[in-house]
Every structure is written in C-alpha cells, then in structure tokens.
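Single-letter residue listing:
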Amino acid sequence: MSKYDVAIIGSGPGGYVAAIRCAQLGMKTAIIEKYNVLGGTCLNVGCIPSKALLDSSHHYEDAMKHFEEHGIEIPGEIKLNFKKMIERKTSVVDQTTKGIAFLMDKNKIDVFTGMGAFKDATHIEITNGKKTETIEAKNTIIATGSKPSTLPFIKLDKDRIITSTEALSLKEIPKHLVVIGGGVIGLELGQVYHRLGSEVSVVEYMDRIIPTMDSAQSKELLKVMKKQGVKFYLSHKVSAVSKKGKEVSVTATDKNDKEITFKGDYCLVSVGRKPYTDGLKAENAGVKITERGMIDVNDHLQTNIKNIYAIGDVVRGAMLAHKASEEGVLVAEIIAGQKPHIDYNLIPGVVYTWPEVASVGKTEEQLKEAKVEYKIGQFPMRALGRSRASGDTDGFVKILSDKKTDEVLGVHMVGARVADLIAEAVVAMEYRASAEDIARMSHAHPTYAEAVKEAALAATDDRALHI
Ligand code: FAD
Ligand code: NAD
C-alpha cells in the first residue's frame, strides 16, 4: 500500500494548490480526483469557462454595437458562430486543466483518478469503475468543493431547466432565458446570453441584485444592465417551474402577492451552491458534517479529527477560488509546523460582468450595523480621461474610511477592469493604509486606477481634483 504524508481529496483550486504547497514543503503528496481531468469546478465548469464566454460575447457586442462609434466599419453582416465560441471555451479549459496536470508532475505529486472515500482516519479507498485501491495518509485535506443548489420544487432536467454547468455548454442561443437568482452566476451568464441575442429576465428574491455587496454597487449594476436591455424582477419569489416540450414556465409572486408567469425556452437556476460530500464516507473517519452539509472546521481548518483538514467551498465562508487556494496554502503550512494566517476580511469579491464589480473589506451596510463611524469618498468613472478614451464611463470607486483614524475599511468599485484594480485596495488594507496614504501615491495617467486615488482624495478631505 502506498503511504503519504498528505492525501488531498479533490483537485479544484483548493486541492491542487494545497498539493503544490505540500510538495514544496517536502511532503510526500497524493491528490485524488473523481473526474479524469484536474481543476475542479473552477477550471472545468466555473471561473475559466465563464470568463472565456464573457470575453467572447464582449467582443461580439463591441463589434455589433460599438465599433462604429470608433470609426470601424465592417462591410457586410457580422455573423455569430456560437458553436465555435463554445469550442474556443472548451479549448481554453483544456489548456488550463492540462497545465494543472503538468504542475502535479513537476512537483512529483501522485495523481489518483477515482472517487476517494475514507475507510478510517488514515486510509482512503479510491474507486475507479471496478478498480479499487487503498492508500495510507498521515494527514488528509478534504477539498471536495460544491455543487449547484436548487429550490425544493424545481426538477433540474439539465436540458431546459439548467444550472451554470449546462449554461456553459449550450448547443443553441436561448430565445428567452429566465434566470432565477440575481447573484454572481445569474448576472455573469445572463449577460453572456443577452449579448448573444437572448431576451433575459432575471427573477430575484431580494430587493436588489448581488445582495451581499455594497448597495451602491447593486444599484449601479442594475442601472447599467437595465440600460443594456436585461429585464429584472426584484422582490419576486419563485413558486413554480415547469417544462412542456421546448417551453419552460417560471411562476413568481411579488411583495403584494401578485403572480407573474415567465415563458421562456431555457431557465437557469442560479440560487447558490451547496457543499459536496457525497460518497466521501466522512463518517468512517469520524469527521463531523454540519446540518447544512459543510465540513465543520476550527480556525486552523482542522476538523474534529486532528489529522484531517478541510478547505474551500466545502467549509464555511465565501465560495471563491482564491479563498480556496489561500486555505490550501494555509493548511499545507500548518501541517509543516508553520504559523500562517488568512485575513478573511481581505478576500476580494468580483463579478465579471461589464462593467465589472469588485469589493474588499466592509460594505457601508456592515459598518452601519457595527455602528462604526466612517467617511465616504466616491469618484465616478465618467470623470476619467481613460474612461472617455475607451468609452467605458459607467461606474465609480467608493472608499470607506474610519472617521477618526482615516484607516481604509472598505473599497467598492464598479467599472472597466476593476477586477484588477481591487488588488491595490487589498494591498493598501493589508498594510492598514489610510485614505490619505492612497491619495498621496502617484497613479499613472491616464488609467482607471486614477479613480482610486481620486476616491481616496475625496475620502481624505473632500478634495478630489477632477470633479
Ligand atoms: P471545487 O473546485 O468544486 O473542486 C472540488 C473537486 O473535488 C472536484 O473536481 C470534484 O470532482 C472533486 N471531488 C469531490 N468529491 C470527491 C471525492 N470523494 N473523491 C475525489 N474527488 C472528489 N470563483 C472565483 O473566485 N472567481 C470566479 O470567477 C468564479 N466563477 C465561477 C463561475 C461559475 C459558473 C461557478 C459555478 C463557480 C465560480 N466560482 C468562481 C467559484 C469557484 O469555482 C469555487 O469557489 C471553487 O472552484 C472552489 O474550489 P474547491 O477547490 O473548494 O472545490
Ligand atoms: P449567489 O449566492 O451569488 O446568488 C444567488 C442569488 O439567488 C441571490 O441573489 C439570492 O438572493 C437569490 N435567490 C435565492 N433564492 C431565490 C429564490 N427562491 N428566488 C429568487 N432568487 C433567489 O449564488 P450563485 O450566483 O448561484 O453563485 C454560487 C456561488 O458561486 C457564489 O457563492 C459565488 O461566490 C460563486 N461564484 C463566484 C463567481 C465570481 O467570483 N465571479 C462567479 C460565479 C459563481
């Protein structure tokens, strides 16, 4: 029987990063993945394919709607080859997952393909078809991720009533896509299909989209996406979903109990994801799972069984790839006897719509609830020369800083490339910068990043320069 210092179950951004860090620290490492490709949700049916389709559909929209204003004329009709767009997405995924296989090989990590299940706290049985083998591991990291959740009355047929996984590989462009849930997936994939010509109706239970982000971001993105032509039905509770032939019906009631039925050809159910532990047989190792299906962990991501850890979507916290990866590194270093730390307040959140949405730290709502006194500095993208040059004038940068100390407490952005800009805010907050610290740093001109400096100036003393 093969013996390892660490075995990792699941090869998503939590598991494969944990494996690399364990190997770097000199541990004999195995990774177990039930599918025959590595990379988990993120690389196969999440972050990477969704961004590939967002980029492709953005190019199409630019060609259809914006080239002309830049003086670019295309003689003849612009044609969309959706099959090719999906094939390109698949090839981006292939390249990326092959990259992970290369990294496993380079770091001398043993890859086992098959379903991993605990026999006891130090033995894992791996089943691939009829073949079964058992390995021994001093430590195990559970990184089994998550699966889409649904509503109790919805039968996902994965044909017309679909999750993000199917929406990333459709064979045709929906005529009318009804999206249940105005969160990250609903908005990113809703925007992809709206750009490609679908009518898109988003039905959201709360009174705002992306409800966990700062409400100013919800308002701005709603305004822009409505202007783009996406339809929104906020404060609507979905009560029934059915399919007849090629038609799907989604019934919802508003705050006044008024019923509305949407008829479409596809319904995307994007109401969140749930931790995945099916087939893991955690009970054989004595590992505790919470009522909500998560693996229960302490601050060191250790389960109730001392040599078994868990990371990523299968434990509490934001379901984000970079959060999973940070946790993978943390656990590897803990096993190696180091004392690493993650500041969960500084894990940024991004929505890759256009304009993009990005956040780090506390929202205004959270500061109010915690009764923290704060200042706001906000700067609109439209006041930047860079935004006017590219034509991306929607959005803003909003900085929240402590009223007394000026320490930056939260940064919230909507605009072009803010997914990348948010890194500046993370660095600043990691070093506990004040708004004035940011305001006094030189930002290259003309860049979108100047909005960060201007918002910091506005927060410092209401002294933004260009507004
Ligand atoms: P996963 O990536 O889910 O990987 C778990 C792996 O474990 C899977 O490969 C699974 O097959 C395997 N597994 C499970 N059980 C077993 C078992 N018993 N034996 C063997 N293998 C097993 N996050 C971002 O940060 N940015 C984004 O842009 C982003 N976009 C997304 C878009 C979509 C459409 C979706 C669905 C998600 C997106 N996410 C994004 C979220 C991100 O994908 C997850 O947070 C991330 O993948 C979690 O990583 P993980 O390692 O915990 O789990
Ligand atoms: P989400 O939690 O972002 O959004 C779900 C939305 O559905 C919420 O707005 C919620 O209010 C709404 N909702 C819940 N029940 C409803 C009901 N009965 N009727 C109508 N609306 C309802 O979840 P998601 O969009 O499914 O994404 C799942 C996870 O994947 C998220 O946690 C996210 O972190 C991750 N993800 C991240 C990215 C990214 O980082 N860019 C992209 C995609 C997915």
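Parameters at a glance
Residues numbered from 1 in each chain as written. Chains lettered and ligands numbered in written order. Predicted model: local features only at pLDDT ≥ 70, side-chain atom pairs only at ≥ 80, totals over all residues. Heavy atoms only, no water. Domains from an automatic or database assignment. Contact = heavy atoms within 4.5 Å. Buried area = accessible area lost by both parts, 1.4 Å probe. Salt bridge = Lys/Arg side-chain N within 4 Å of Asp/Glu carboxyl O. Helix = DSSP H or I, 4+ residues; strand = E, 2+ residues; numbered from the N terminus. Buried < 20%, exposed > 50% of the residue type's maximum accessible area, 1.4 Å probe, protein only. Right-handed = clockwise from strand over helix to strand, strands pointing away. Pairing = 2+ DSSP bridges. Phe/Tyr/Trp six-rings, centres within 6.5 Å; stacked < 30°, edge-to-face > 60°. Lys NZ or Arg CZ within 6 Å of the ring centre and 35° of its normal.

### Some thoughts on the domain arrangement of the protein
Reasoning step 1: The domain architecture assigned to the protein consists of domain 1 (2-148 + 274-342), domain 2 (161-271) and domain 3 (347-459).
Reasoning step 2: Look at where the C-alpha atoms of domain 2 and domain 3 centre, and you get two points 28 Å apart.
Reasoning step 3: Tallying the contact residues gives 19 residues for domain 2 and 21 residues for domain 3.
Reasoning step 4: Note on domain 2 versus domain 3: buried area summed over both sides is about 1400 Å², and carbon and sulfur give 59% of it.
Reasoning step 5: Notably, a salt bridge pairs Lys-398 with Asp-214, separated by 2.8 Å at the nearest N-O pair.
Reasoning step 6: Mapped onto the side of domain 2 that touches domain 3, the elements with two or more residues apiece are α6 (184-195) and α7 (215-228).

### Quick look at the pairing of strand β10 (residues 199-203)
Reasoning step 1: Of all the five residues making up β10, four are buried; the element is thus mostly covered by neighbouring parts of the structure.
Reasoning step 2: Each parallel crossover has a hand, and for strand β9 (residues 176-180) linked through α6 to β10 it is right-handed.
Reasoning step 3: Here three bridges tie β10 to strand β11 (residues 231-233), and the two strands are oriented parallel to one another. Paired with Val-203 across the bridge in β11 is Tyr-233.

### Comments concerning the packing of aromatic side chains
Given two aromatic rings, one states the distance between the centres and the angle between the planes to describe the pair.
Reasoning step 1: Applying the stated criterion across every chain yields a total of three aromatic pairs.
Reasoning step 2: Here the aromatic rings of Tyr-4 and Phe-112 are separated by 6.0 Å at their centres, their planes lie at 90°, and the arrangement is edge-to-face. With Tyr-4 in strand β1 (residues 3-9) and Phe-112 in strand β3 (residues 110-113), the pair connects residues that are 108 residues apart, well separated along the chain.
Reasoning step 3: Where Phe-82 meets Tyr-193, the ring centres are 6.1 Å apart and the plane angle is 70°; that geometry is what we call edge-to-face. With a gap of 111 residues between them, Phe-82 in helix α4 (residues 82-106) and Tyr-193 in helix α6 connect regions that are remote in the sequence. Like Phe-82, the residue Tyr-193 is buried in the burial classification.
Reasoning step 4: Its guanidinium or amino end placed over the ring of Tyr-4, Lys-28 lies 4.6 Å from that ring's centre, counting from NZ or CZ.

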